[in-house]
Each structure stands twice: as C-alpha cells, then as structure tokens.
Amino acid sequence: MTETVTYSTLVLTLLMMVGLVFFIRASTKARLETRTLVKPMEPLALLQELTTYFEGRSYAVAAAEAEAQRIVLRGRVRPSLFLAGFLTLLAAVGALCFALVLTNLWPAYSTGFLALLGLAPAAGWFYWRGSDRDEEIILAVQPNAASASPVPTATVTITAHRDELIALEQTLGRQG
C-alpha cells in the first residue's frame with residue numbers, strides 16, 4: 001500500500017516538474033499584442049504624441065517610414081532581479097520535492113537526489129539570459145474614411161509588449 005502511494009506521488013511530482021519547466025520557459029516569452037487607438041485629433045499629431053510618450057519610457061526611434069506613416073521604436077528590456085530570484089526559489093522547492101519523493105523510493109541514493117537542488121540557480125540564469133533583449137514598438141497610422149465630422153479623428157495601430165500597452169492605456173485614461 002505504501003509503495004503504491006509513493007509511486008503515485010512520484011507521478012504527480014513529475015507532472016509538477018513538467019509544469020514548472022514550462023512556467024520557467026514562459027517567463028522569457030515575448031507577449032506582443034496589437035491595439036487600435038482612435039482619438040479625435042490629427043493623425044500625425046497623435047503619432048508624435050505616442051512617439052514622445054514611448055521615448056519618455058526609454059524607447060528610441062529606430063525607423064520612420066513617411067509613405068506608410070509608420071514609426072518603429074526600439075528599447076532594451078532589462079530582466080527583473082525579483083523574478084529571477086522567485087524562479088530560482090520555485091525551482092529549488094520543486095527540486096526539493098522531487099528529491100524527497102525519490103529519497104523515499106530509493107533511500108540508498110538520498111545524497112545524490114538532494115544534489116538536484118544544485119540545478120535551481122539554472123532557472124534564474126535561464127530567465128536572466130532570455131529576458132535581456134531588445135523590443136520593438138510599431139506605430140502605424142491607419143487611413144480614415146472621409147467622415148462628415150468637422151473634427152478629424154486619428155486611428156493608430158500599436159504593436160507592443162502587453163505591459164507597455166497596459167501602461168499606455170492607464171496613462172491615456174488619466175489624461176482623458
């Protein structure tokens with residue numbers, strides 16, 4: 001009976017470890033989204049306002065295409081020390097759980113199993129290496145159909161990291 005429980009715990013712990021590996025891998029994934037912003041102002045004025053906003057957030061203009069009315073901004077994304085430590089802690093807890101289950105099954109190799117804890121810093125290193133990268137923000141003015149309204153409206157499509165879009169929406173919400 002006890003051996004059955006231990007083997008089923010081993011299977012569940014292996015599933016947990018698979019989930020942990022995918023969670024650590026996902027921490028470096030680029031989360032790009034596209035949003036459309038419509039404001040009652042001149043399209044080029046909105047494009048300039050957005051460019052100024054993102055330059056204030058440490059992005060620099062990398063390319064500007066006048067015909068396409070498109071601007072590409074580039075900035076360096078730095079990894080989070082907190083998240084690197086958190087992922088290392090999660091990996092250490094996962095490795096400890098795995099080592100304890102293996103130690104219950106095969107007590108003669110307990111020292112070797114506890115050595116699995118030495119792999120935990122690899123999670124923080126993987127995150128740190130994968131998250132330190134350049135990211136782009138693409139601002140593109142969409143042509144508007146002729147409207148009967150005397151106030152011009154601007155439609156800009158923004159492709160950027162999800163967190164940058166959330167920060168932009170919060171800033172626009174405070175302004176508008």
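To keep things clear, this report deals only with the structure shown in the data block. Starting afresh in each chain, residues are numbered from 1 along the sequence in its written order. Only residues with pLDDT of at least 70 get local features here, since the model is predicted, and only at 80 or more are side-chain atom pairs given and counted; chain-wide, interface and lining totals rely on the full set of residues. Water and hydrogen atoms were dropped before computing side-chain values, which therefore reflect all heavy atoms in the structure.

Things to note about the packing of aromatic side chains
For Phe, Tyr and Trp, rings pair up if their centres lie within 6.5 Å, where Trp contributes its six-membered ring, and each pair is then called stacked (planes under 30 degrees apart), edge-to-face (over 60) or tilted (otherwise). Scanning the entire structure with this criterion turns up five aromatic pairs. Between the aromatic rings of Tyr53 and Phe54, the centroid separation amounts to 5.0 Å while the plane-to-plane angle is 70°, which identifies the pairing as edge-to-face. The same class applies to Tyr53 and to Phe54, which are both buried. Taking the centre distance of 6.2 Å and the plane angle of 85° together, the rings of Phe54 and Tyr59 count as edge-to-face. Note on classification: 1.4 Å probe, protein chains only; a residue is buried when its accessible area is under 20% of the maximum for its type, exposed when over 50%, partly exposed between these limits. Given a relative accessible area of 8%, Tyr59 falls into the buried group. Connected via pairs of aromatic rings, a cluster forms that spans Tyr53, Phe54 and Tyr59.

Here we look at a nonpolar patch on the surface
The patches reported here contain residues having more than 30% relative accessible area and no salt bridge. Joining distances are 9 Å for like charges and 5 Å for nonpolar side chains (Val, Leu, Ile, Met, Phe, Trp, Tyr). For the accessible areas, the method is Shrake-Rupley and the probe is 1.4 Å, while residue cover comes only from the protein chains on display. The rule for a salt bridge is simple: a side-chain nitrogen of Lys or Arg has to be within 4 Å of a carboxyl oxygen of Asp or Glu. A surface patch of nonpolar side chains, about 520 Å² in accessible area, is lined by Phe23, Phe82, Phe86, Leu89 and Val93. A run of DSSP states H or I qualifies as a helix once it reaches four residues; a run of E qualifies as a strand once it reaches two. Both are numbered from the N-terminal end. Take the nonpolar patch: its biggest share by element is four residues, from helix H3 (residues 81-105). With respect to the helices and strands, Leu89 occurs in helix H3.

Things to note about helix H5 (residues 121-131)
Among all positions in H5, only Ala123, Gly124, Tyr127 and Ser131 are buried. The buried residues of H5 occupy one face: seen down the axis, they fall within an arc of 95°. Exposed and oriented more than 90 degrees from the buried face of H5 are Trp125 and Arg129. Where H5 is buried, its residues contact helix H1 (2-26), strand E3 (70-77), H3 and strand E4 (133-142). Throughout, the arc means the angular range of directions from the helix axis out to the C-beta atoms. Contact criterion: two residues are considered in contact whenever any of their non-hydrogen atoms come within 4.5 Å of each other.

Details of helix H2 (residues 43-56)
Taking 1.5 Å of rise per residue, the 14 residues of H2 would be expected to cover 20 Å, and the 20 Å separating its terminal C-alpha atoms lies within 8% of that figure. Leu46, Leu47, Leu50, Thr51, Tyr53 and Phe54 are the residues of H2 that are buried. Along H2, the residues classed as buried sweep out an arc of 160° about the axis, all on the same side. Opposite the buried face of H2, at more than 90 degrees from it, the exposed residues are Leu44 and Gly56. Ser58 occupies a position one or two residues after H2 and carries a positive phi of about 75°. Take the residue count of a helix, subtract one, and multiply by 1.5 Å to get its expected span.

Remarks on the pairing of strand E5 (residues 154-161)
Counted residue by residue, E5 has seven buried out of eight residues, so it is predominantly covered. Two strands are counted as paired when DSSP detects at least two bridges linking them. Sheet topology places strand E1 (residues 32-39) next to E5; eight bridges connect them, and they run antiparallel. Its bridge partner lying in E5, Leu37 is registered against Val156. As defined by bridge partners, E4 adjoins E5 across five bridges and the pair is classed as antiparallel. Paired with Val141 across the strands is Val156, a residue of E5.

Observations regarding unusual backbone geometry
With glycine set apart, most residues show a phi of negative sign, and most peptide bonds adopt trans. The phi angle at Ser58 is positive, at roughly 75°, despite the residue not being glycine. By the secondary structure assignment, Ser58 is in the loop between H2 and strand E2 (60-65).

Some thoughts on the environment of Leu20
Here Leu20 shows up in helix H1. Leu20 has contacts with Leu90, Ala91 and Gly94, leaving out every residue within four places of it along the chain.

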